[in-house]
Every structure is written in C-alpha cells, then in structure tokens.
Amino acid sequence: MTEMIQKLTLYLQYPFVQYALIVGVLIALCSSLLGITLVLKRFSFIGDGLSHVAFGAMAIAAVFRLTNDMPLMLAITILSAILLLRSGQKAKIKGDAAVAMISVGALAVGYLLMNRFSKSSNISGDVCSTLFGSTSILTLRKSEVWLCVVLSILVLVVFILFYNKIFAVTFDEDFARATGTRANLYNLLLAVIIAVIIVLAMNLVGSLLISALVIFPALSAMRLFKSFRSVTVCAAVYSVLTAALGILVSVVADTPVGSTIVAIEIAAFVVCWAAGAIKGGVRK
Amino acid sequence: MAQLICQDLTLGYDGHEILSGLSFEVDAGEYLCIVGENGSGKSTLMKTILGLQSPMRGKVTTGDGLRRSEIGYLPQQTVVQRDFPASVWEIVLSGCQGRQGLRPFYTKEDKALARENIRKMGLEALTKRCYRELSGGQQQRVLLARALCATQKILLLDEPVSGLDPKVTAEMYGLIDTLNKRDGITVIMISHDLDAAMRYATHILHIGSTVFFGSKADYLRSDAASSFRKEDETA
C-alpha cells in the first residue's frame, strides 16, 4: 500500500500526469452535465453517433495531412449534431435509424481513408488509439491542455447560465415553445455543446467509449435522486470522482485510460443501482 | 374584442387536408369545449392555436391584449415525462420560463407566482416530491399549476381527464371550472366527454364531418349534436 502511494506521489509530479488529470476531470464533468439531457430526451445514442463522425473527420484531417485536426473535427461534428437533433422530430428516417446510419457510415469511411492514405507505419495502432483513446491523454501538449480547459469552462458557464432553459426544453419542449421559449435556439445550442464535448472527449477515452461518459453518470444519479438539480449535481460529482480515480489507477496499474475509467463507471453504476434499490424498494 | 380569432383555417399535415374553412372566436371568460371524433383534427387544431404548427391556409390571431406566448397549455403526458427526475417545484417554476428572455435565473416574483399556483392547486404538501411518483390526478394538477405560471388569461387543455378515475375526474373538472368562474380565465378544452362539455362549457366547437360553432344552447338543437350523441350511444 505505501509502495503504491509512493508510486502515485512520484507520478503526480510529472506534468503529463497532471495534465491528464485536469483535462480528464473537466471533460468528464462536461459530458456528465449534458448527458442528463441526452438520456432524458432519449438521445443517448447521439453521443455515440457523433463520436464516430468525429473519428471520420479525424481520418479526413489525416488524409489532408493537417497538423491541427481540431478545427475540422469540431466543424464536421457540430454540423452533424445540428442535423441529427433537428431531424429528431419530423425526419422521414427516424431518429435512431439516422444516428445508426451516420455512425457506422462515418466509422467505415474513416477507417477506409486511414487505411488507404495514412503514411503512418502502424495503422492498426493509430486506429486502436483513436477508437479506445489508449494513450493520447498522456501525450497532451500544453497548447492542447489549454484548449481543453478553455472549452470546458465555456461549456460549464453556458450550462449554468442556460440551466433553467435546458430544463424547460428537456421536460416539455411543446409547452416551452408554446409559451414563448425559443426551443429551437436552445436545441441548437445543445447540439453545438454536445459536439464540442465529444471532440474533447475523444482525447480522453477515444471515440468508442465516449457514450459511457455521457450515459453512466446520468443513469447512476437517476437511481439515487429525484429532482433535476440533485441529479445534475450528483452526476457531476460522480463523473469527476470516477474520472480522477480511473486516470490514477491507469497510471499506477499501467492500464489503458479510457477502458479503466469506463470499468470504474460500471462498478459505480452497480453500487448506485443497488443503493437506489435498497433506498426506494425494488423497482424494475 | 375577442381574445382568440381563427379565420378560415385549413388544417393538416404533409399536404393532407383534414379540416377546412374553420372560423371561430373566443372572448375573455368563455369556456369553449372542442369535441369531435378521433382523427377529426382536434389535436392539430390545438397545436395550430399554440403556434407549434402553422395552418395550411387561414390565420390565428390574438386580441384583447393577449400575446401569443401568454396562452397556458396543459398537454397530454409524454413518454419522456413518465420517468423524468424532477420535483414538483422545478416543474411549476418552469412555467415562468417563457417570459425570461435571455435572463438566466428566476426572479423572486417568479418564485412567488409559482408558490401561489402550487397553493391554488392544493399541492403544498407535494412541493418537494418527485413528479414521476405522483398519481395521475396529482400530475395533472402540477401541469395545471405550471400552465398558470405561464398565463393569467387563457388556458388550453388537451383532454385533461384522460386516464383519471371518476372521482379525480370530477375534482379536475371542478378545479378548471373554479379557474374559469372565479379567476376569469378563459378555458379552451379538448374533450371526449360530451356530458362534461354540456355541463361546464359556455360554447361548443364540434369538428368532424359536420362542423358546428356556437353557444351550448344552440348546439343542443343542432344536427351535429344529435349525430355525435347517436354515435356515442352505438359505440
């Protein structure tokens, strides 16, 4: 035990571990906040779909040999988010089918592009780390850390300022619209924020595991709490703790960061579920 | 001047007409029941009045100092709401959202209004309770309190008693009637329940194969009523 603590204190002095912790916790916090709205609006899979789109965008950036792929990824992902959320209600192709279509499409085309055009000697390694985010969070440059911090804080501020509006639009969009809330505008805002978070989260857990950051905190908090505010706070705390713990464990035990965080989130979910069941009697 | 004026409306969706040439007016303090068979366009009409959907032809205007966003709305329950983690307080307060503009937080006045409407609906004891754990009748009262936060003038109710047992149904009708008579709030209600419509409404709008709009007394003498009644009996 003392050995582990020594090892941990040693690692914590390295800037790359500090960066990973800061960025990881902020990203987890942001995704958990937005996750509640997505889960409640029955849009859980949008996070998943968008992350695949971001993967496709990254592949395109690789083809054009862009050194900084963030802007392109952000642009493409935001655009897809807007299209998906807009088409939610009245599209000819139903929401979930549209998400599935875009999601696998982007994944396939992205891999095809990377496979054909990438100059890297280790393509499968590249693909693996993009999908599962194996090491990229530990290799962040200082500029990337700053970008992540600034974007995360921006997301947090927007979320707090629009908290009441997000609640109104999530609970009952028709009522909100009928009584003069500009629901379309806030849906658009949500789409943009979600896209930003997804692109940020790719660094942390890779594109296949982002959904976990979005869904688990919300579902766990909903087991335990019954008002929107307490669920929000609980999801945020849950998310920060699991992300920090996951990163530390992965550093000490030398496991992939993304999968470790998700594994801890699953464990925490089971605990919350059990606690909720004991507290409120067994529910289905 | 009338609070709500619908002129020569043609309603439908995807280019498919379900109702045409509909005109009617609602004055302040009236109690209008919209009745008609399933699929006759009652819900579409309601969405059009609320501005959630635009009519294919014709127009909806408001008058008598009523703004379009001051129409309170009691929707039918949605799937999303059934397991939504929200307290009664949070939901009622969200009725004030329409007036907020870009202001991020609720004011003291908003909160006082929410508290007042919770009291009016007899929900004080449930303020902190979770919405999804309430009974159907309690949930409807929560949504009614929210609608009252959005308006002091006119309420649109979309089948407010569907799924409620007879006792709660009677209470709900009583509550709506009090709002109409005592607080002078105009009520427009979609209903399947012709008996209740006959009992409380001042005016009837019957849509479907025959269209009728007028006072309750006129409706009772009309053909629309007798044909609807007959269908009701055979069904």
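In what follows, the accompanying structure is described. Predicted, not measured: the structure shown is a model, and the values here were computed from it.

## Here's the deal with the overall build of chain A
Secondary structure summary: chain A contains 13 helices and 0 strands in total. Principal axes of the C-alpha set define a box for chain A whose edges measure 55 × 50 × 35 Å. Residues counted as buried form 50% of the 284 residues belonging to chain A. Put simply, 76% of the contacts in chain A that link residues at least 6 apart link residues at least 24 apart. Approximately 13,200 Å² of chain A is accessible, and the part contributed by carbon and sulfur atoms is 71%. For chain A, the distance from the average site of its 21 positive side-chain charges to the average site of its 11 negative ones is 8 Å.

## Structural notes on the overall build of chain B
Across its full length, chain B holds 9 helices and 9 strands. Against the 2.2 N^0.38 benchmark of 18 Å for 235 residues, chain B shows a C-alpha radius of gyration of 18 Å, consistent with a compact globule. Projected onto its principal axes, the C-alpha positions of chain B cover 50 × 40 × 35 Å. Taking all 235 residues of chain B together, the buried fraction comes to 52%.

## Describing the packing of aromatic side chains
Considering all chains together, one arrives at 16 aromatic pairs over all chains under this definition. Judged by centre distance (5.9 Å) and plane angle (65 degrees), the rings of Phe216(A) and Phe269(A) are edge-to-face. In this pair, Phe216(A) sits in helix α11 (residues 210-224) while Phe269(A) sits in helix α13 (residues 257-280), placing the two residues 53 residues apart along the sequence. Above the plane of the ring of Phe175(A) lies Arg146(B), whose end atom (NZ or CZ) is 3.7 Å from the centre.

Criteria and thresholds
Residues numbered from 1 in each chain as written. Chains lettered and ligands numbered in written order. Predicted model: local features only at pLDDT ≥ 70, side-chain atom pairs only at ≥ 80, totals over all residues. Heavy atoms only, no water. Helix = DSSP H or I, 4+ residues; strand = E, 2+ residues; numbered from the N terminus. Buried < 20%, exposed > 50% of the residue type's maximum accessible area, 1.4 Å probe, protein only. Contact = heavy atoms within 4.5 Å. Areas by Shrake-Rupley, 256 points an atom, 1.4 Å probe, with all protein chains shown as cover. Lys, Arg positive; Asp, Glu negative; His and termini not counted. Charge placed at Lys NZ, Arg CZ, Asp CG, Glu CD. Rg over C-alpha atoms; globule rule 2.2 N^0.38 Å. Phe/Tyr/Trp six-rings, centres within 6.5 Å; stacked < 30°, edge-to-face > 60°. Lys NZ or Arg CZ within 6 Å of the ring centre and 35° of its normal.

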